[in-house]
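# Residue-level structure breakdown
In case you want the letters, here they are:
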Amino acid sequence: MSTWQVERQEGEDGEVTLSVAEGTPLSPWDAGAALRIVGTPRTRLEGVEKVTGSAQYAYDVRLAGQLYAGILRSPHPHARLTRVDTTAAAALPGVHAVISLADAPDIDWYDDSKLFDPTLRFAGDEVAAVAAEDEDIVADALRLVVAEYEPLPFAIDIVAALAPGATPIHEGGNVESEKTYERGDVEAGLRAADVTFDRVLTTQTAIHHSLEPHGCTVAWEGEGVTVWESTQSIFDVRQQVAEKLGLGESQVRVIKQHMGGGFGSKQIVWKQTVIAALLAKRSGRPVQLMLDREGESLAVGNRNPTRQRLRLGATADGTLTAIDVTIHQAIGAHSAGGEGSNTAGLYQTLYACPNVRTSQTGVYTNTGPAVAFRAPGYVEAAFALETGMDDLARQLGMDPLALRLTNYTGDDQSKEMPFSQPDGLRACYEKATVAFGWGETIEQPAESHRRRGVGIAAHHWVGGAGDPPGYAWVKLNPDGRADIITGTQDIGTGTRTGLAMVAAEELGFTLDQVTFHLGDTALGPYAPVSSGSATMATIGPAIRAAAAEAKAELLAAAAAFLEEPVERLSVRDGLIRVAGEPEDRATPVAAVTGSMSPHMIQTQGARGGNPEDVSIQTFGVQCAEVEVDTRTGEVTILRVVAAHDCGRIINPTTVDSQVIGGVTQGIGFALTEERVVDAATGIVLNANLEEYKVPTVSDIPGIQNVHVGIPDLKANPTGSKGIGEPPLIPTAPAIANAVFDAVGVRFYDLPLSRSRVVDALAARERQGMPA
Amino acid sequence: MTMRTFAYAQPESLADVIAALGAAPSRDAVRPLAGGTDLLTLMKGDIVAPDRLLDLKRLTGLDDTVEIRDNELVLGALTTLTAIETGSLVGEHCPALAKAASLAATPQLRNRATLGGNLLQRPRCWYFREHLIPCWLKGGDACPAREGENGLHALFADSPCVAVHPSDLATVLLAMDATVTVRGDAGERAIAAGDFFVQPDEGRRRENTLGGDEVVLSVAIPLIPGRTSAYHKAMDRKAWAFALVSAACSFRLDGGVMRDVRVVLGGVAPIPWRSTAAEAALDGERPGADVFARAAAAALAGAEPLRHNGYKVHLARNLVIEALEEVTRA
Amino acid sequence: MGRHRHTVTLTINGETHDLAVEPRRTLLDALRDDVSLTGTKKVCDMGNCGACTVLVEGQAMYSCLLLAVDCQGLSVTTIEGLGHDGQLDPIQRAFIEADAFQCGFCTPGQVMSLRGLLDATPSPSDEQIERAVTGNLCRCGAYLHIIDAGRRAVVLDREAKEVRDVHVAG
């Protein structure tokens, strides 16, 4: 049964913290486990709600007397707000509350600034907010806010921010952070190399563009407040709202049943939530504050652009001798927090290499703050590293797959311990390349200007392992149905369904005997943020633990009910069976639970700790085939084959959706997506879904997800790891490498936009190469 | 992204609309409303703020009829892009126009957007569409795109403005020698497409010569026996994008040689850009790779690329060749 | 200029609604805020995403680019108007079966676009299915499954129609 230990720790400042170790020992579901539900394809539990439009998102909350709110944003990338006057706005009929620097409470935000700060550090920074009876009146009122600015010099990119004499965006300058890592001797490694790669590669700023914008609906009742928030972390919203408003956590209730996309950007709490709460307090009415698309584009996160100078060395047989990378990434105007963008990580771990040096510098710029975007850092690094590896393979005359396998490792070299699944990546290489037909000759179109090529890229990902704490409750009702309750959230990934499957599996129930509850801090036990691809691996074991205890109690009750020894009893398909007795003599669970009514079986499961002697990672490989029209520069992705190791596959249906979705986002990152900032004004020119081009249905080729599905028995008792972020990581380099294979042009900058491709092909034509 | 207040009226006749437009204090104060797919985005973006909108959809005198009249294919101004894309008369007599419609926007927009509105739509230039940034076309002093992010901008701008015309249909219509019939206070007039679209200048910061009191009634395409046409469009994604560059070409073969040749480029100028130099290079010649290449080079000969749009020269050249090849095959 | 309101009569999902709205009220906001039909989603509000797609007189359109006053007397069908007698619309069933969504925020718009297609073209080609949803962005990237759902829906739609025809005949 479960264990619970607490240990006192005292910091240097005398602050006492208690660290808790807990968990329920469970034997892992190993490869031989006879699972009946886990591993079978299931449609989503919330499917009907989502296809009928009845699923309630934060944007859909409609309360009596509800107001709508909006935010006035800075038109300058860097300015001092010298005056703000909301008198006229407040006087407009239909306006019920305003807030700005003039009257906002003193609430700290970001590193060294305030909720409403006199210094505005990006075009889009919050200046004032209004709550009114409808959205049209909100817009009218915002136009009536008088704001005067003293523009300051600004820097919108890495080069400008690091230039001598650049305007300091924060006290202490524009270097936000510097992290270095070194093993071996890269210079010696490069000297020992027969071939080298030395290039600067860049990746662009990408915007998450969740279709449901960030925002919330807030209603006060006395001193307590309820927040319906579009968030990846209801408990973090609760903690932050309480802290910023000086409330106790129990005074804040956060609800999120459905969310229209987050991709990392909703894993932290942004200003508008607290602004909405303040407007609701001032107006005495519920307030809904959802960002418009412009605000969504500007102020609530982006994938940081990077500039990476990469040096690689290898001997003639393909053995890597050195990896040396110097990374600069523009984190925007503030350190927003959340999952870090660890661009250096991939270089340290993907390939066996004795000599590795990484340097990662975060740079402040006068642009919207960056925040985790689906595999932050790894997506950016994979483009550079896997481009470099492809180039080395070409130089060596080696198959790009063979070069990668030559440098295979089953150890996490940065942690100096083995991976929990040392053969995970190898399985991905095998599955992806076999399904793709890697190495087979591809058929070229008859027209000489249409050229096809193939590319491959690999990755590992630091996430997907899950961590404590995380809890779940199981309640067996008199009618024999189970309620599964947890404070996690389904961010669109299918966790509701997958976790219900884990519960039903462990209980021995059918899936429709399980009702799943999540997304409410008042009604469920704590669960952490849904980020790092961790939810299934964090909450799955907690649910298994709670269900295992419930099942043990159920069988004990059944033993009394049936007057049979408990050792002879089991539960399957919601029926209690006695060993050796015929199937049709099985007893419905309800017979037992009903007979003990109103007593009920109610248990809690806690996520135990992770093993300390292995590194739990996830892996993947993708192969892409593309066609390039050398006349028009049009790149057409013909197919992508993906193989990802996420341990045991709980629900193949939703795993497939995660993979095709990640690859789809990867195609956008590879070809079309890029935030554009005007250098003269610092204004984002495509803060919309017209000129920021996410892929359409017509941009997406056949995508095949090849299941790897090796349970990771060392990772956790479900054997499952996360799949949320990884499928996006290797897509762009696989495509870029395929483009090189097709036309012999190497791209070192993302995206491979039409203009870049046409320019490169035209330049080659001018050099007399065949078109 | 919310509109300012305005009044909305449904005039009963076209004459009422023309009178109201004529009496308006400024061109932007009163605007006709058809599909609204461009106008409403301009209003939401705070680029224009009319006091009054006049619905054109429920009055007599304006329609969505497509018919053959006096050896011309005539399309009413309210004809939707969907009707142009799928209608049998357009498909039979001007497949390039149907193709242009099919490559424009999305089904939802094509169901709503009208031919008249499509010709009159304003540029997509991101400086023009950003109300925070002054630009010449919006009444400012200078064009910020000239030195700014101009990858989507013009190669041929005989104007302070370097935005490009966004219409796919207009590019084809110019290649088909279409005329635009308009009506205003002074009555009806038919304007050749080449005179309808004119580069903006100091006196007229617009892309066309439609009078302030005028409404587009219809578009007529002369039916020239044996003439075939093609439209090719390059986008930065596979669907739902304005043209980076497009090319509409048409000619007829007369004894094996090309006659009545038209070569028009989209996405390279503030208006659909006809290249008479390319046409001259083709006229009287037999279709073939060499002459197509010469014509394509001629079409781009005077191009003045900005800092970020040099790729359009290469792209436009090859789209002209592709379009000419397709006309030849047709 | 004052905030003059017009009275507009709309037929929404077969029910008549008289709304008092300003001319600038979009059909989208009227549906979501005045009629509380929140199944139709607001995402870009500029005709760039498709999440607000509804059928107007049977044709798929972006409700964010329609003025409510401009829809006077017209028949509007939203996601809430699909399905009969407590049964899901075949397209809705197909979306669930094909797992044609993740977050679900674009789903009502996707479903309405396909409903518009199948009403006009009961046996569409794969290309027609794809073209019908080119104006509906899906940021989760469920496109392949949406196409699959479209294909399934063609079959389910035909079966459902046959069942209805039998009922009518009976």
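Computed from a predicted model, the values in this text were never measured in an experiment. (Residues numbered from 1 in each chain as written. Chains lettered and ligands numbered in written order. Predicted model: local features only at pLDDT ≥ 70, side-chain atom pairs only at ≥ 80, totals over all residues. Heavy atoms only, no water.)

A few words on the overall build of chain B. A count of helical and extended segments in chain B gives 12 helices and 12 strands. The globule rule puts the C-alpha radius of gyration for 330 residues at 20 Å, and the 19 Å found for chain B is close to it. Taking all 330 residues of chain B together, the buried fraction comes to 60%. The long-range fraction of contacts in chain B, counting pairs at least 24 apart against all pairs at least 6 apart in sequence, stands at 63%. For chain B, the accessible area works out to roughly 11,600 Å², and carbon and sulfur atoms hold 48% of it. (Helix = DSSP H or I, 4+ residues; strand = E, 2+ residues; numbered from the N terminus. Rg over C-alpha atoms; globule rule 2.2 N^0.38 Å. Buried < 20%, exposed > 50% of the residue type's maximum accessible area, 1.4 Å probe, protein only. Contact = heavy atoms within 4.5 Å. Areas by Shrake-Rupley, 256 points an atom, 1.4 Å probe, with all protein chains shown as cover.)

Residues and elements named next belong to chain C. The sheet built from 5 strands is open, its strands ordered β2-β1-β5-β3-β4 with mixed pairing. Sheet topology places β2 (15-21) and β4 (59-62) at the edges, where each strand pairs with a single neighbour. Each adjacent strand pair in this sheet contributes to an overall mean axis angle of 40°, direction not counted. Bridge count between strand β3 (residues 53-56) and β4: 4 bridges; the pairing is antiparallel. (Pairing = 2+ DSSP bridges. Axes fitted to C-alpha atoms, helices over the stretch in contact; angles between N-to-C directions.)

Turning our eyes to something else, we now look at the domain arrangement of chain B. Each domain of chain B was delimited in the assignment, giving domain 1 (1-54) and domain 2 (228-329). Computed from C-alpha atoms alone, the centre-to-centre distance between domain 1 of chain B and domain 2 of chain B is 36 Å. (Domains from an automatic or database assignment.)

Every contact between the two is made by 45 residues of chain C and, on the other side, 57 residues of chain A. Of the roughly 4,300 Å² buried between chain C and chain A, counting both surfaces, carbon and sulfur atoms make up 56%. At the surface where chain C touches chain A, the tally comes to 8 salt bridges. Two residues, Asp60(A) and Lys41(C), come together in a salt bridge whose shortest N-O distance is 2.4 Å. Run the count over chain C and chain A and you get 25 residue pairs in polar contact (both at pLDDT 80 or more). (Buried area = accessible area lost by both parts, 1.4 Å probe. Salt bridge = Lys/Arg side-chain N within 4 Å of Asp/Glu carboxyl O. Polar contact = N/O pair within 3.5 Å; in protein donor to acceptor, adjacent residues only side chain to side chain.)

We now examine the packing of aromatic side chains. Residue and element names in this part refer to chain A. This model, assessed by the stated rule, comprises 10 aromatic pairs over all chains. Summarising the aromatic geometry, the rings of Tyr 408 and Tyr 429 are spaced 6.4 Å apart at their centres and angled 65° between planes, so their arrangement reads as edge-to-face. One end of the pair, Tyr 408, is in the loop between α11 (400-406) and β20 (411-412); the other, Tyr 429, is in helix α12 (residues 424-436), with 21 residues separating them in the sequence. Considering the side-chain rings of Phe 419 and Phe 619, the 4.9 Å spacing of their centres and the 75° angle between planes classify their relative orientation as edge-to-face. Taken as a pair, Phe 419 in the loop between β21 (417-418) and α12 and Phe 619 in strand β30 (residues 618-629) lie far apart in primary sequence, 200 residues in all. Both residues of the pair, Phe 419 and Phe 619, count as buried. Across the ring face of Trp 220, the terminal group of Lys 281 is positioned such that the distance to the ring centre comes to 4.2 Å. Taking NZ or CZ as reference, Arg 303 lies 5.3 Å from the ring centre of Phe 669, over its face. (Phe/Tyr/Trp six-rings, centres within 6.5 Å; stacked < 30°, edge-to-face > 60°. Lys NZ or Arg CZ within 6 Å of the ring centre and 35° of its normal.)

Take the sheet that holds strand β8 (residues 119-120) of chain A next. All names here are of chain A. Taken in spatial order, the 3 strands line up as β8-β4-β10 in an open sheet, and their pairing is antiparallel. Of all strands in the sheet, those with a lone pairing partner are β8 and β10 (146-151), marking the two edges. Bridge analysis of strand β4 (residues 79-85) against β10 gives 6 bridges, and the strand direction is antiparallel. Of the residues in β10, the one forming a bridge with Val 84 is Ala 147.

Of note, Thr632(A) is situated in the loop between β30 and β31 (635-645). Contact partners of Thr632(A), with chain neighbours within four places excluded, come to Arg754(A), Val758(A), Leu315(B), Leu319(B) and Glu322(B).

Time to look at the domain arrangement of chain C. Residues and elements named next belong to chain C. Segmenting chain C into domains produces domain 1 (6-81) and domain 2 (90-169). Computed from C-alpha atoms alone, the centre-to-centre distance between domain 1 and domain 2 is 21 Å. In this assembly, 17 residues from domain 1 lie in contact with 13 residues from domain 2. Taken together, the two surfaces of domain 1 and domain 2 that pack against each other cover about 1,100 Å², and 65% of this comes from carbon and sulfur. Our count for the domain 1 to domain 2 interface comes out at 0 salt bridges. Across the domain 1-domain 2 interface, the total number found is 4 residue pairs in polar contact (both at pLDDT 80 or more). Elements with a minimum of two residues in the side of domain 1 that touches domain 2: β3 and β4. The dominant element in the side of domain 1 that touches domain 2, judged by the number of residues it contributes, is β3, at 3 residues. Its residues placed into classes, the side of domain 1 that touches domain 2 shows 8 nonpolar, 7 polar and 2 charged. (Nonpolar A, V, L, I, M, F, W, Y, C, P; charged D, E, K, R; others polar.)

This part is about the interface of chain A and chain B. Listed by partner, the interface residues are 38 residues for chain A and 34 residues for chain B. Of the roughly 3,000 Å² buried between chain A and chain B, counting both surfaces, carbon and sulfur atoms make up 57%. Viewed at the interface, chain B and chain A are joined by 6 salt bridges. The salt bridge partner of Asp46(B) is Arg143(A), with a shortest N-O separation of 3.7 Å. For the pair chain A and chain B, the number of links is 11 residue pairs in polar contact (both at pLDDT 80 or more). Per-element tally for the side of chain A that touches chain B: the top contributor is helix α18 (residues 754-766) of chain A, with 6 residues.

Residues and elements named next belong to chain B. As a packed pair, helix α11 (residues 289-299) and helix α12 (residues 311-329) sit with axes 9 Å apart at the nearest point and diverge in direction by 140°. As the angle between them shows, α11 and α12 are arranged oblique. Where α11 crosses over α12, the handedness of that crossing is right-handed. Residues Phe 292, Ala 293, Ala 295, Ala 296 and Ala 297 of α11 touch α12, and the partners they reach there are Arg 317, Val 320, Ile 321, Leu 324, Glu 325 and Thr 328. (Parallel < 35°, antiparallel > 145°, perpendicular 65-115°, else oblique. Left-handed = near helix turned anticlockwise from the far one by under 90°.)

Following Pro468(A), the chain continues to Pro469(A) via a peptide bond in cis, the omega torsion being -5°. Along the chain, Pro469(A) falls in the loop between β22 (450-461) and β23 (471-476). The residue after Ser597(A), namely Pro598(A), is reached through a cis peptide bond having omega 5°. As for its placement among the helices and strands, Pro598(A) is situated in the loop between α15 (589-595) and β29 (601-606). Notably, Tyr110(A) is not glycine yet its phi reads approximately 50°, a positive angle. Turning to its location among the elements, Tyr110(A) is positioned in the loop between β6 (108-109) and β7 (113-114). Phi at Trp240(B) takes a positive value of approximately 60°, unusual for a residue other than glycine. Turning to its location among the elements, Trp240(B) is positioned in the loop between β9 (228-234) and β10 (245-254). By relative accessible area, Trp240(B) is classed as buried at 9%.

Before going further, it helps to examine the state of the cysteines. Where two cysteines share a covalent bond between their sulfur atoms, that bond is called a disulfide. Here the structure, examined in full by the defined rule, presents 0 disulfides over all chains. Left unpaired, Cys216(A) is separated from the closest cysteine sulfur, that of Cys103(C), by 18 Å. Cys71(C) takes part in no disulfide bond, and the closest cysteine sulfur to it belongs to Cys52(C), at a distance of 11 Å. By relative accessible area, which is 0% here, Cys71(C) ends up buried. (Disulfide = S-S within 2.5 Å.)

Further remarks concern the pairing of β2(C). If a strand is regular, its side chains alternate between the two faces of the sheet. Residues and elements named next belong to chain C. With 7 bridges joining them, strand β1 (residues 6-12) and β2 adopt antiparallel strand pairing. Within β2, the position partnered with Ile 12 by the bridge is Glu 15. Counting the residues in the hairpin turn of β1 and β2 gives 2 residues, including Asn 13, whose phi is positive at 50°.

Here we come to the packing of helix α2 (residues 90-97) of chain C against helix α3 (residues 107-120) of chain C. Residue and element names in this part refer to chain C. With their axes 10 Å apart at the nearest point, α2 and α3 run at an angle of 130° to one another. One element, α2, and the other, α3, form an angle in the oblique class. In the packing of α2 onto α3, the handedness of the crossing is right-handed. Seen from α2, the contacting residues are Pro 90, Ile 91, Gln 92 and Phe 95; seen from α3, they are Thr 107, Gln 110, Val 111, Leu 114, Arg 115 and Leu 118.

Glancing now at the side chain of Ser159(B). Residues and elements named next belong to chain B. Of note, Ser 159 is situated in the loop between α7 (115-120) and α8 (168-175). Separated by 2.8 Å, the side chain of Ser 159 and the backbone oxygen of Pro 200 make a polar contact. Setting aside chain neighbours within four positions, we find Ser 159 in contact with Trp 136, Arg 146, Gln 199 and Pro 200.

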